[in-house]
Amino acid sequence: MQRIFSLAVIAFATAQSQSPLPAPPPTPMHDITQVDAAPLGGAIAVPLPERERKKLAKYDIPELAGARQAIGPQRIDGRLPKPLVDYSATTADIYQRLSIFEGGLVVVEVRGAGGTIRKKVIIPDDALRSYVQTISPSALASVHDAELSKPRDTRRSLLRAYDGQQNFVERQFDPMATMPKALSDQIVPLQDLLRAIYQDRAVTNSVAGYMPKVGDQLVGDDKKIYKVVRVVSDKLVELHCMSQPTTIYVDVKDLYNYFIGTPGAASR
């Protein structure tokens, strides 16, 4: 017997965030072809413990103010954008990577924190300038290898800064060790931006601003695949779970709170 749940009692696994959800995105403007494929075991966001949220709040950083969705290919003059900054950190159970490209494109991947998160967003020009001025080849070159604790087998961080000719300076170090101030001043803003992005459910989620059509398929935050079976007045969408007899109803403007993307690796 089919069970029908109202939106009020839908409980997807990670939708229970410890912080308030962001304001709804603008009126839907793109179709399913512009929604990213969900990664295998994907998640929308990872809520932070109270201590981490306070740590994030105490820094004056651009975060996502003025950021916009990175919908579709982000080519510049027909080519892929050039990298400006690349940061990654690996510990025993978590891998995190944040890359900043020309044009303000920021791409994040997090694995092991309750699922795989892959997100992209375009930060405003002033925020981009702030990051590349703080994290530059010359600034990174001022940090000498002798000042850094060497990375270990299960703990490794890498920071790479590029110039206009795509030459780069990089430093590798133990992410758990104390960093010299010259390096910490470059790493902290990136760590805060990384946290802000993987907590976000709106501007970094390509489901935000998506207008569903009958037949579209989406991957829920519960990792199940749902099919759109009806759209009422472009405001309410009815979806059926493909793996169990469940029907859900969601406001179109709220889909980004419950769905990650389209089936891709997640369908295997």
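Student: Could you give an account of the overall build of the protein chain, with specific residues and numbers?
Tutor: Scanning the protein chain for helices and strands turns up four helices and 13 strands. Counting only residues that meet the buried cut, the protein chain has 44% of its 268 residues in that class. As presented, the protein chain carries roughly 13600 Å² of accessible surface, and 52% of it is formed by carbon and sulfur atoms.

Student: Explain the pattern of salt bridges to me, and be specific about the residues and the numbers.
Tutor: Under the criterion given, the structure shown has 14 salt bridges. One salt bridge in this structure joins Arg111 and Glu109, with 2.8 Å as the shortest N-O distance. Exposure remark for Arg111: the relative accessible area of 37% places this residue in the partly exposed category. The exposure class of Glu109 is buried, given its relative accessible area of 19%. Glu170 is the salt-bridge partner of Arg160, the closest N and O atoms lying 2.5 Å from each other. On the criterion of sequence distance, the pair formed by Arg160 in strand β7 (residues 156-162) and Glu170 in strand β8 (residues 168-173) is long-range, its members being 10 residues apart. Within this structure, Glu109, Arg111 and Arg118 form a network of salt bridges that share partners.

Student: How would you explain the packing of aromatic side chains if you had to name every residue and give the values?
Tutor: Counted by the stated rule, this structure contains two aromatic pairs. Consider the rings of Tyr162 and Phe168, whose centres lie 5.5 Å apart with planes at 55 degrees: the pair is tilted. Both rings, one in Tyr226 and one in Phe259, keep their centres 5.6 Å apart while their planes meet at 80 degrees; by these two values the pair is edge-to-face. Taken together, the residues Tyr226 in strand β10 (residues 225-232) and Phe259 in strand β13 (residues 259-261) connect sequence positions 33 residues apart. Side by side, Tyr226 and Phe259 carry an identical accessibility label, which is buried. The ring centre of Phe168 lies 4.1 Å from the NZ or CZ of Arg160, which sits over that ring.

Student: So, the nonpolar core: which residues are in play, and what are the values?
Tutor: Among soluble globular proteins, nonpolar side chains are generally buried collectively. Grouped together as the largest cluster of nonpolar side chains are 32 residues, with contacts concentrated most on Val106, Leu159 and Leu190. Looking at this core, the elements with two or more residues in it are β3 (83-90), β4 (95-101), β5 (105-111), β6 (117-122), α2 (125-134), β7, β8 and α4 (181-199). By residue number, the principal contributor to this core is α4, which donates seven residues. One finds Val35, Leu218, Leu255 and Tyr256 within the second-largest nonpolar core, a separate group that totals 18 residues.

Student: How would you sum up unusual backbone geometry? Please name residues and give values.
Tutor: A positive phi is found at Gln166, a non-glycine position, where the angle reads about 70 degrees. As for its placement among the helices and strands, Gln166 is situated in the loop between β7 and β8. We classify Gln166 as partly exposed; its relative accessible area is 26%. The backbone of Ser233 shows a phi angle near 55 degrees, a positive value even though the residue is not glycine. In this structure, Ser233 sits in the loop between β10 and β11 (236-241).

Student: How would you sum up the pairing of strand β9 (residues 217-220)? Please name residues and give values.
Tutor: The pairing of β9 with β10 spans three bridges and is classified as antiparallel. Note that in β10 the partner of Val219 across the bridge is Ile225. Hairpin connection between β9 and β10: a loop of four residues separates the two successive antiparallel strands, and Lys223 in this loop has a positive phi of roughly 70 degrees. For β9 and β13, the ladder comprises two bridges, and the chain directions are antiparallel. In the sheet register, Gly220 faces β13, and the bridge partner there is Phe259.

Student: Please set out the confidence of the model for the protein chain residue by residue, giving values where relevant.
Tutor: On average, residues of the protein chain score 83 in pLDDT, and 79% of them reach the 70 mark or higher. Under a pLDDT of 50 for its full length, residues 1-20 has, in the predicted model, 45 contacts with residues more than four places off or in other chains.

Student: Residues and numbers for α4, please.
Tutor: With 19 residues, α4 should reach 27 Å at 1.5 Å per residue; the first-to-last C-alpha distance of 27 Å fits that figure. The buried fraction of α4 amounts to 14 of the 19 residues, a majority that puts the element mostly inside the structure.

Student: With reference to specific residues and values, describe the environment of Pro151.
Tutor: Topologically, Pro151 is positioned in the loop between α3 (137-141) and β7. Classification of Pro151 by relative accessible area gives partly exposed; the value is 25%. Note: C-alpha distance between Pro151 and Ala177 (26 residues apart in sequence) is 9.2 Å. Sequence-distant contacts of Pro151, that is, excluding residues within four places in its chain, are made with Arg156, Gln172, Phe173 and Asp174.

The rules behind each value
- Residues numbered from 1 in each chain as written.
- Predicted model: local features only at pLDDT ≥ 70, side-chain atom pairs only at ≥ 80, totals over all residues.
- Heavy atoms only, no water.
- Helix = DSSP H or I, 4+ residues; strand = E, 2+ residues; numbered from the N terminus.
- Buried < 20%, exposed > 50% of the residue type's maximum accessible area, 1.4 Å probe, protein only.
- Areas by Shrake-Rupley, 256 points an atom, 1.4 Å probe, with all protein chains shown as cover.
- Salt bridge = Lys/Arg side-chain N within 4 Å of Asp/Glu carboxyl O.
- Phe/Tyr/Trp six-rings, centres within 6.5 Å; stacked < 30°, edge-to-face > 60°.
- Lys NZ or Arg CZ within 6 Å of the ring centre and 35° of its normal.
- Core = buried A, V, L, I, M, F, W, Y, C linked by side-chain atoms within 4.5 Å.
- Pairing = 2+ DSSP bridges.
- pLDDT = per-residue confidence, 0-100.
- Contact = heavy atoms within 4.5 Å.
- Expected span 1.5 Å × (residues − 1).

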